[in-house]
Amino acid sequence: MPSYLTITDPVEHETEVRRSRFICALAPVGTEEEARAFIAERRRLYGDATHNCTAYVLGDRVQKADDDGEPGGTAGTPMLEVLNRRGFADVVAVVTRYFGGVLLGAGGLVRAYGGAVGETLDRAVSVRMVPATIMSVVIDHAHAGRLENDLRVSPYPVRAVDYGADVTFEVAVADGALDGFAGWLAGVTAGRAIALPGEGVHLREDAVVSSPGRSA
């Protein structure tokens, strides 16, 4: 799974093109439900607008765009293309247009909608998301407390703990740090723990170790 950029907080920016107002709002999202909810809220806020065009990208799984009545391919598609070209995902974009009385033509619409997203991205705080693996770390109860303390102060985020016959910690480890994590785990547990790889996820680059023995 490749790395990508996302934004940390919602951001809004307005531009004007030949008397038409273009209000672009971006927000970080993790699911289609979150993206659709954000779109619905923007359409509620700007129900009197001429168009509310949308695009969103979720990881490498989902990409959708909607022209909302503009000529096909002149609004949602260029918005989506800007997100992809700039390497952003887990982001939803809504561009609200108030028509100013001057027709822009297909090329003008493409530039206006794509430009609105690009200018708003320039104003957003972005962070790189890097591929990681959820490791299931299994250890006996007698040594679990010490390991949990070590994990909590380590750069390896603990996502869940399960107390069964043994104790299992779900730990997120950047793919570039898997070898370093194996060595670290063996050292702090004297080889008592077993680590099993699980699902792939993405984590903020500034929150993980990106290479053995070094913080990102």
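Up top is the structure these notes are about.
Please read all numbers here as calculations on a predicted model, not as lab measurements.

K.L.:
Sorry if this is basic, but what is going on with the overall build of the protein chain here?
P.N.:
When helices and strands are counted, the protein chain shows 5 helices and 12 strands. Relative to the globule expectation of 17 Å for 216 residues, the C-alpha radius of gyration of the protein chain, 22 Å, shows a markedly less compact shape. In terms of principal-axis extent, the alpha carbons of the protein chain reach across some 75 × 30 × 25 Å. Counting all 216 residues of the protein chain, 48% fall into the buried class. Counting only contacts in the protein chain whose residues sit at least 6 apart along the sequence, the fraction spanning at least 24 positions is 71%. Working note: accessible area of the protein chain is about 10500 Å², and carbon and sulfur atoms make up 50% of it. If the 21 positive side-chain charges of the protein chain are averaged to one point and the 29 negative ones to another, these points end up 6 Å apart.

K.L.:
What is the right way to read the packing of helix H2 (residues 76-85) against helix H3 (residues 105-123) from this model?
P.N.:
To characterise two packed helices, one gives the angle between the axes of the helices and the distance between these axes. Close contact between H2 and H3 brings their axes to 8 Å; oriented N to C, the two are set at 35°. In this structure, H2 meets H3 at a crossing whose hand is right-handed. Contacts between H2 and H3 involve Pro-78, Met-79, Val-82 and Leu-83 from the former and Val-110, Tyr-113, Gly-114, Val-117, Gly-118 and Leu-121 from the latter. Considered class by class, the residues forming the contact of H2 with H3 number 8 nonpolar, 2 polar and no charged.

K.L.:
Mind showing me how you'd approach the layout of surface pockets here?
P.N.:
If a probe the size of a water molecule is rolled over the atoms, the empty space left behind becomes visible. What the largest pocket holds in volume is close to 360 Å³. In this structure, the largest pocket is lined by 20 residues; those nearest its centre are Tyr-4, Gly-59, Asp-60, Arg-61 and His-202. Per-class residue counts for the lining of the largest pocket are 8 nonpolar, 8 polar and 4 charged.

K.L.:
Would you mind showing me how to read the nonpolar core here?
P.N.:
For soluble globular proteins, the rule of thumb is that nonpolar side chains tend to be buried together. In terms of nonpolar packing, the biggest core is built from 30 residues, with Leu-26, Met-79, Val-95, Tyr-113, Val-117 and Leu-121 touching the most fellow members. Of all elements in the fold, only strand S1 (4-7), strand S3 (20-28), strand S4 (51-58), H2, strand S6 (91-98), H3 and strand S7 (126-139) reach the threshold of two or more residues within this core. Looking at this core, the element that brings in the most residues is H3, giving 6 residues. With near-sequence residues (within four places) excluded, Tyr-113 lies in contact with Phe-22, His-51, Cys-53, Glu-70, Thr-74, Ala-75, Met-79, Val-95 and Arg-97. With 18 residues, the next largest nonpolar core counts Ala-144, Leu-147, Val-171 and Phe-181 among its residues.

K.L.:
Can you walk me through the pattern of salt bridges in this structure?
P.N.:
Pairing of side chains with opposite charge becomes possible as their charged atoms draw close. The full count for this structure, using the stated rule, is 11 salt bridges. For the salt bridge of Glu-12 with Arg-42, the shortest nitrogen-to-oxygen distance reads 3.0 Å. Within this pair, whereas Glu-12 is found in strand S2 (residues 11-17), its partner Arg-42 is found in helix H1 (residues 32-45), the two being separated by 30 residues in sequence. For Arg-42, a relative accessible area of 7% corresponds to the buried category.

Conventions used here
- Sequence order as written defines residue numbering, which begins from 1 separately in each chain.
- Residue-level local features of this predicted model are given only where pLDDT is at least 70; pairs of side-chain atoms are given and counted only at 80 or more, and the full residue set underlies all totals for whole chains, interfaces and linings.
- Only hydrogens and water are set aside when side-chain values are computed; all heavy atoms of the structure are taken into account.
- In this description a helix means any DSSP run of H or I spanning at least four residues, a strand means any run of E spanning at least two, and both kinds are numbered starting from the N terminus.
- The quantity called the radius of gyration is restricted to C-alpha atoms. Its globule counterpart is 2.2 Å times the number of residues to the power 0.38.
- Only protein chains enter the accessibility calculation, which uses a 1.4 Å probe; a residue whose area is less than 20% of its type maximum is buried, one above 50% is exposed, and one in between is partly exposed.
- Throughout, a contact is declared for two residues whenever any of their heavy atoms are within 4.5 Å.
- Surface accessibility in these figures is a Shrake-Rupley result with a 1.4 Å probe; residues are shielded only by whichever protein chains are displayed.
- Only four residue types enter the tally: Lys and Arg on the positive side, Asp and Glu on the negative side, with His and both chain ends excluded.
- Working definition for charges: the position is that of NZ of Lys, CZ of Arg, CG of Asp or CD of Glu.
- Axes here mean lines fitted to C-alpha atoms, for a helix over just the part in contact, with angles spanning 0 to 180 degrees between N-to-C directions.
- Note on convention: the crossing is left-handed when the near helix lies turned anticlockwise from the far helix by less than a right angle, right-handed when the turn is clockwise.
- In the scheme used here, Gly and all other residues not listed as nonpolar or charged are polar, with Ala, Val, Leu, Ile, Met, Phe, Trp, Tyr, Cys and Pro taken as nonpolar and Asp, Glu, Lys and Arg as charged.
- Only protein atoms enter the 1 Å grid used here, on which a cavity is any set of points holding a 1.4 Å probe that cannot leave and a pocket is any open set flanked by protein within 12 Å on both sides along at least five of seven lines; residues with an atom within 4 Å of a point are listed as lining.
- Grid points are joined across faces, edges and corners, and a volume is the space filled by probe spheres set on the points.
- Note on terminology: a nonpolar core comprises buried Ala, Val, Leu, Ile, Met, Phe, Trp, Tyr and Cys residues joined through side-chain atoms within 4.5 Å.
- Think of a salt bridge as a Lys or Arg side-chain nitrogen and an Asp or Glu carboxyl oxygen that are within 4 Å of each other.

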